[in-house]
Amino acid sequence: MKNPRHAALLAASLSLVLLAGCKESPQVLDKKAGEYQGKVDTRPWEGPAYKGDKATWESDLRARSGNQNELRRVPD
Amino acid sequence: MARMKFLCDTERCIECNGCVTACKNEHEVPWGVQRRRVVTINDGVVGQEKSLSVACMHCSDAPCMAVCPTDCFYRTEEGVVLHDKDVCIGCGYCFYACPFGAPQFPQSGTFGLRGKMDKCTFCAGGPEEDGSEAEFEKYGKNRLAEGKLPLCAEMCSTKALLAGDAVEVSNIFRERVIRRGGKGVEAIGWSTAYGKGSADADSRAATATAPAPEKTGGAQ
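Keep in mind the model is a prediction, meaning the values are calculated, not measured.

The rules behind these values
Positions within a chain are numbered from 1, following the residues in the order the chain's sequence is written. Lettering of chains starts at A and numbering of ligands starts at 1, both following the order in which they are written. With the structure being a predicted model, the display of local features is reserved for residues of pLDDT at least 70 and the display and counting of side-chain atom pairs for 80 or more, all residues being used for whole-chain, interface and lining totals. Computation of side-chain values covers all heavy atoms of the structure but excludes hydrogens and water. Think of a 1 Å grid over just the protein atoms. A cavity is a set of points where a 1.4 Å probe fits yet cannot get out, a pocket is an open set with protein on both sides within 12 Å along at least five of seven lines, and lining residues have an atom within 4 Å of a point. Grid points are joined across faces, edges and corners, and a volume is the space filled by probe spheres set on the points. Only DSSP runs of H or I covering at least 4 residues are called helices, and only runs of E covering at least 2 are called strands; the numbering of each starts at the N terminus. Ten residues, namely Ala, Val, Leu, Ile, Met, Phe, Trp, Tyr, Cys and Pro, are considered nonpolar, four, namely Asp, Glu, Lys and Arg, are considered charged, and the remaining ones, Gly among them, are considered polar. A helix is expected to span 1.5 Å multiplied by its residue count minus one. N or O atoms closer than or at 3.5 Å make up a polar contact, with two conditions inside protein: a donor-capable atom paired with an acceptor-capable one, and, for residues adjacent in sequence, both atoms drawn from side chains. Residue contacts are defined here by distance: any two heavy atoms, one from each residue, within 4.5 Å place the two residues in contact. A carboxyl oxygen of Asp or Glu within 4 Å of a side-chain nitrogen of Lys or Arg is what we treat as a salt bridge. To sort residues, take the accessible area from a 1.4 Å probe on protein chains only and compare it with the maximum for the residue type: under 20% means buried, over 50% means exposed, and anything in between is partly exposed.

Engineer: What should I look at first to understand the layout of surface pockets in this one?
Structural biologist: Empty space among the atoms becomes visible once a probe the size of a water molecule is rolled across them. Residue and element names in this part refer to chain B. Roughly 200 Å³ of volume is contained in the largest pocket. Taken together, 15 residues form the lining of the largest pocket, with Pro-30, Lys-85, Asp-118, Glu-137 and Lys-138 sitting closest to its centre. In terms of residue count, the dominant contributor to the lining of the largest pocket is helix α4 (residues 133–139) (4 residues). Of the residues assigned to the lining of the largest pocket, the class counts are 6 nonpolar, 2 polar and 7 charged.

Below you can see the structure in the form of C-alpha cells.
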C-alpha cells in the first residue's frame, strides 16, 4: 500500500472490526431458582368468550361437569 | 370453584380409544406424541384385567414441576399444570419424574433429535393469547377458555373418563360406586395424583394480573 494514510485507515478499521467481537454480553438468563421462568398466562375467563365474567364461566363449567353424570340426566 | 381433576373409572373403560382419538384430532398432535393413551393392567389375568385412560393428571404435588431445571412449569388457579415451551429445553427430567409417563418428546431428523416436551394441557392451552394461532401451534386448543371441558372426557362413550371440577367429579363417582356396590378403588391413579391434599393453597398462578409466586413451599 503506497499511501500511508490509507494503510493507517485500513489498520484502524480492521482493529475496530476485530474489537467488535470483544464485548462480553451476559450469556445466562436472569434465573431465580424455584420460580416460574416462562411467560404469564391469562385466566380462562379473561379470554374473548367470557371477557372476565368468572361467575358465568364457573357456572358453565359446573353445568358441563354435571352433564357427565348420566344417572342424573336419565330419570329412574 | 375447586380445582380441575381427571378420574378414570376402570370399571367402565372399554378400551375403545375414543379419548385418544379425540385428543389427537382436537389438538392436531403430531406423530409419535401421545398426550393420552389407554393402558391395560393385569393383561390376560382372567377377571382382573382393567383398562385405564392415562394422561397428565395435573397432580396436586406435581413431580415434573419439582425436577424441571428450567422451571418452565406453572399451575393455574384451577389446578391445571402447564408449561412454557419457550423455556423448555427438552432435557427429559420430567419424563422420569412423572408417575404416569405423561411428558412426551417429539423426535425428528436422522438422529431422532428430541424436541420440547409436550403433554396434556387439560385443554387449557398455554401461556399465549387465548385462542391464538400461536397457542394452538404450541399447546393445542384452549377449550377451557371457551367454557368447555377436555374433549377426551366429553367424548367418552361410557363416561369412564371424567374431567372437571373436583367436587363434581367426586360426586359423580361416589354416586356410581354406591349404586354398584363398589369400593371406590376403581379410580386408579387418583390417590397417586391427588392423594397428598389440595393444591389450592399453593396455586402457582402465572396470570396476567398476579405475579408468579414461589414454586416450592406451601401446602401440598
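Now, onward.
Engineer: How should I be thinking about helix α1 (residues 4–20) of chain A in this particular structure?
Structural biologist: Because the α-helix completes a turn every 3.6 residues, residues three or four places apart line up on one side. Along its 17 residues, α1(A) runs 24 Å from first to last C-alpha, staying within 8% of the 24 Å computed at 1.5 Å per residue. Of the residues flanking the start of α1(A), the one acting as N-cap is Asn3(A), its side-chain oxygen 3.0 Å from the backbone nitrogen of Arg5(A).

Engineer: What is the right way to read the interface of chain B and chain A from this model?
Structural biologist: Accessible area lost on assembly of the parts is the figure often given for the size of an interface. At the junction of the two partners, chain B supplies 51 residues and chain A supplies 35 residues. Here Glu175(B) and Arg72(A) are joined by a salt bridge, their closest N and O atoms 3.7 Å apart. Summed over the shared surface of chain B and chain A, the result is 13 residue pairs in polar contact (both at pLDDT 80 or more). In terms of residues, the side of chain B that touches chain A owes the most to one element, helix α6 (residues 166–180) of chain B, which gives 6 residues.

Engineer: For this particular structure, what's the right way to read the side chain of Arg75(B)?
Structural biologist: Residues and elements named next belong to chain B. Residue position: Arg-75 is located in strand β4 (residues 73–75). A residue is classified by how much of its surface remains accessible, and Arg-75, at 1% relative accessible area, is buried. Within the structure, Arg-75 has its side chain in polar contact with the backbone oxygen of Cys-59 (distance 3.2 Å). Within the local environment of Arg-75, its side chain forms a polar contact with the backbone oxygen of Ser-60, the two atoms lying 2.6 Å apart.

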